[in-house]
Amino acid sequence: MNSIQRVTGTQDFFPEDLAKVDYVTRIFKEVCEVHDYHQYDTPTFEYTRLFKRGIGETTDIVNKEMFTFIPRQDGGEEESITLKPEGTASIVRLYNQYSLNNKKPPLKLFYHIPCFRNERNQKGRFKEFHQFGIEVFGSDSATVDAEVIILAYRFFEKLGIVDKIELEINSVGSFESRKAYNEKLREFLRPNFDNLCETCKDRFEKNPMRIIDCKEHNCQQITKNAPLMIDNLYEDEKKHFEKLKKLLDIANVKYKVNPYIVRGLDYYTKTAFEFISKDIGSQATVCGGGRYDGLVAELGGPDVTGIGFGLGRERLIMMLDELGKMPTFETKYDLYIATLGEDADFKSFEIVNNLRQKGIVCDKDHVGKSLKAQMKYADDKNANYTLMLGDNEIASGKAMLKNMKTSEQQEVNLSTFEEDFIKLVKA
Ligand code: ATP
Ligand code: MG
């Protein structure tokens, strides 16, 4: 039988991959903490209806990308559940379930989660991937919109790639202004309805604004001179957007207004934004977010506003790799003990065991390699020092310690070796 392979669109992680994950996670947490965001986590799966309502029935995710199944249960209800395709709906569920609106607003939180979408896999597009995300509940101030965008911007800055990413912002209005706008847009599109792609024909009634965002050539030709949401905002929405732009200017954050950004979620209101990489090819959106003032209530909660973003970890790491901005991580032994003979095997085991308890990274041979192979191994592992132990050394109580950088050797006393070595590396 051929050996079993992983499912296409999933990933295995080697230590060197996880070192990268640790690195970006640490920087993300640092940026979140300095902005006073705190980490929450939610289960890997939720009831399907949470996403149907939370992301919106007309979105691609709900229509064709969700991993949904009915778990077998012994008696009791058998309700359909879905692997989390994104983070916001679950966080809003949690917010409502624990009445977090009772906490003094705003509530600022972040998460780091696996996401599951049944998509055709391509570079930068997986069936299981990961998102960093943040959400803020309970403030409709544009200062919060700015803060959310700036947090992502500072993250990219700390990673050294901010000048390789473009920030695009837009305002998608409110339910009311969008309703009026959608009517206007339908009027404009109606004469060309038959030439729209099948997906857009479907969008025409349900969510015509998404036609603006269609990547099909025909649809793009049709919408070229279409009225834009940004020119049809209500007065307070316009003011909100103008304020956001001023705040980004104050923070020295560079952006471009792109009136064609619509974004997936049906519940987005006012601010929508994307961070787009110029370097990772067609799956170029690294981070996307926006305000969703109607979502908390839509999911059965109070009338509380929200805003957040989701940031794809795989695409981010891909960018850092391609731009040469990923630091190198190497394991480093403080000490490797090369041994020869049974007595040395025992002695080296004892030393390694004691030193590890003092935080010294060290190891010995476990597979009976030749002395030469052991020295090579120590070199490959970036050992700072190597101690050579054989029968003679055990008998005389003295051995040679080699500094692997300088190749200098010094004689050491085995009876006091552990304390002496600790002093040496801590010096
Ligand atoms: P796209 O336009 O690439 O399909 P999206 O609009 O579906 O993205 P969001 O739902 O906004 O993406 O998710 C936020 C981020 O998560 C994306 O900007 C991207 O970096 C990442 N992401 C989304 N889908 C995938 C996937 N299938 N594999 C890897 N990363 C993904
Ligand atoms: Mg998508």
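Quantities reported herein were computed from a predicted structural model and do not represent experimental measurements. (Residues numbered from 1 in each chain as written. Chains lettered and ligands numbered in written order. Predicted model: local features only at pLDDT ≥ 70, side-chain atom pairs only at ≥ 80, totals over all residues. Heavy atoms only, no water.)

Here the focus is the overall build of the protein chain. Assigned secondary structure in the protein chain consists of 15 helices and 16 strands. Rg of the C-alpha trace for the protein chain: 29 Å, well past the compact-globule value of 22 Å for 427 residues, more than 25% over. Structurally, the protein chain occupies a C-alpha span of about 95 × 55 × 45 Å along its principal axes. Counting every position in the protein chain, which comprises 427 residues, the buried fraction comes to 51%. (Helix = DSSP H or I, 4+ residues; strand = E, 2+ residues; numbered from the N terminus. Rg over C-alpha atoms; globule rule 2.2 N^0.38 Å. Buried < 20%, exposed > 50% of the residue type's maximum accessible area, 1.4 Å probe, protein only.)

With that settled, the discussion passes to the sheet that holds strand β15 (residues 398-403). Spatial strand order, β13-β12-β14-β15-β16: five strands in an open sheet with mixed pairing. Each having just a single partner strand, β13 (362-364) and β16 (409-413) make up the two edges of the open sheet. Strand-to-strand twist across the sheet, computed as the mean angle between neighbouring axes with direction ignored, equals 25 degrees. In the packing of helix α13 (residues 371-380) onto the sheet, the strands contacted are β12 (335-339), β14 (385-389) and β15, and the crossing angle to β12 comes to about 170 degrees. Sitting on the sheet, helix α15 (residues 417-426) is in contact with β12, β14, β15 and β16, with an inclination near 165 degrees to β14. (Pairing = 2+ DSSP bridges. Axes fitted to C-alpha atoms, helices over the stretch in contact; angles between N-to-C directions. Contact = heavy atoms within 4.5 Å.)

The environment of ligand 1 is made up of 14 residues, and the closest members are Arg 117, Glu 119, Phe 126, Arg 263 and Arg 315. Arg 117 places a side-chain nitrogen or oxygen 2.8 Å from an oxygen atom of ligand 1. A distance of 3.0 Å is found between an oxygen atom of ligand 1 and a side-chain nitrogen or oxygen belonging to Gln 131. Protein contact buries 83% of the 590 Å² of open area that ligand 1 shows by itself. Ranked by residue count, the leading element in the shell around ligand 1 is strand β10 (residues 285-291), at three residues. (Near = heavy atom within 4 Å. Polar contact = N/O pair within 3.5 Å; in protein donor to acceptor, adjacent residues only side chain to side chain. Areas by Shrake-Rupley, 256 points an atom, 1.4 Å probe, with all protein chains shown as cover.)

Turning next to the side chain of His 130. Assignment of secondary structure puts His 130 in strand β6 (residues 128-137). For His 130, a relative accessible area of 11% gives the class buried.

This structure, assessed with the given rule, holds zero disulfides. Counting only cysteine sulfurs, Cys 287 is the nearest neighbor of Cys 32, a cysteine outside any disulfide, at a range of 11 Å. (Disulfide = S-S within 2.5 Å.)

Before going further, it helps to examine helix α4 (residues 88-97). Most of α4 is tucked away: nine of the ten residues are buried. Where α4 is buried, its residues contact β2 (45-47), α2 (48-55), β5 (107-116), β6 and α10 (295-298). One or two steps after α4, the chain reaches Ser 99, where phi turns positive at roughly 45 degrees.

At a closest axis distance of 10 Å, the pairing of helix α1 (residues 15-34) and helix α5 (residues 142-158) adopts a crossing angle of 135 degrees. Overall, the two elements α1 and α5 adopt an arrangement that is oblique. Along this stretch, α1 crosses α5, giving a crossing that reads as right-handed. Contact residues: Val 24, Ile 27, Phe 28, Glu 30, Val 31 and Cys 32 in α1; Leu 151, Arg 154, Phe 155 and Lys 158 in α5. Of the residues that constitute the contact of α1 with α5, the class distribution is seven nonpolar, no polar and three charged. (Parallel < 35°, antiparallel > 145°, perpendicular 65-115°, else oblique. Left-handed = near helix turned anticlockwise from the far one by under 90°. Nonpolar A, V, L, I, M, F, W, Y, C, P; charged D, E, K, R; others polar.)

Here the residue pair Pro 105 and Pro 106 is connected by a cis peptide bond, since its omega of 0 degrees sits within 30 degrees of zero. Along the chain, the position of Pro 106 falls in the loop between α4 and β5. Phi at Ser 99 takes a positive value of approximately 45 degrees, unusual for a residue other than glycine. Of note, the phi angle at Asn 382 is positive, near 60 degrees, even though the residue is not glycine. Topologically, Asn 382 is positioned in the loop between α13 and β14. Given the relative accessible area of 26%, Asn 382 is considered partly exposed.

Following both chains from N to C, one finds helix α12 (residues 342-357) and α15 inclined at 45 degrees, their axes separated by 10 Å at the closest point. Taken together, the axis directions place α12 and α15 in an arrangement best described as oblique. Seen along the crossing, α12 lies across α15 with a hand that is right-handed. Packed against α12, whose contacting residues are Glu 350, Ile 351, Asn 354 and Leu 355, the element α15 presents Phe 417, Glu 418, Phe 421 and Ile 422 at the interface.

What follows deals with the sheet that holds β10. Taken together, eight strands build an open sheet; the order of strands is β1-β5-β6-β11-β10-β9-β7-β8 and the sheet is mixed. The open sheet has two edge strands with one neighbour each: β1 (38-39) and β8 (256-257). Here strand β7 (residues 165-171) pairs with β8 via two bridges, running parallel. Within β8, the position partnered with Glu 168 by the bridge is Lys 256. Its contacts with the sheet put helix α9 (residues 235-250) on β7, β8, β9 (269-277) and β10, and the angle it makes with β7 is roughly 160 degrees.

What follows deals with the pattern of salt bridges. By the definition in use, this model includes 28 salt bridges. The partner of Lys 123 in a salt bridge is Glu 322, and the shortest N-O contact between them spans 2.9 Å. A residue pair is termed long-range when its members are at least 10 positions apart, and Lys 123 in the loop between β5 and β6 and Glu 322 in helix α11 (residues 313-322) qualify at 199 residues. With a relative accessible area of 51%, Lys 123 lands in the exposed category. For Glu 322, a relative accessible area of 40% gives the class partly exposed. One salt bridge connects Lys 369 with Asp 365, and the closest N-O pair in it is separated by 3.4 Å. Residue class for Lys 369 comes out partly exposed when judged on its relative accessible area of 23%. (Salt bridge = Lys/Arg side-chain N within 4 Å of Asp/Glu carboxyl O.)

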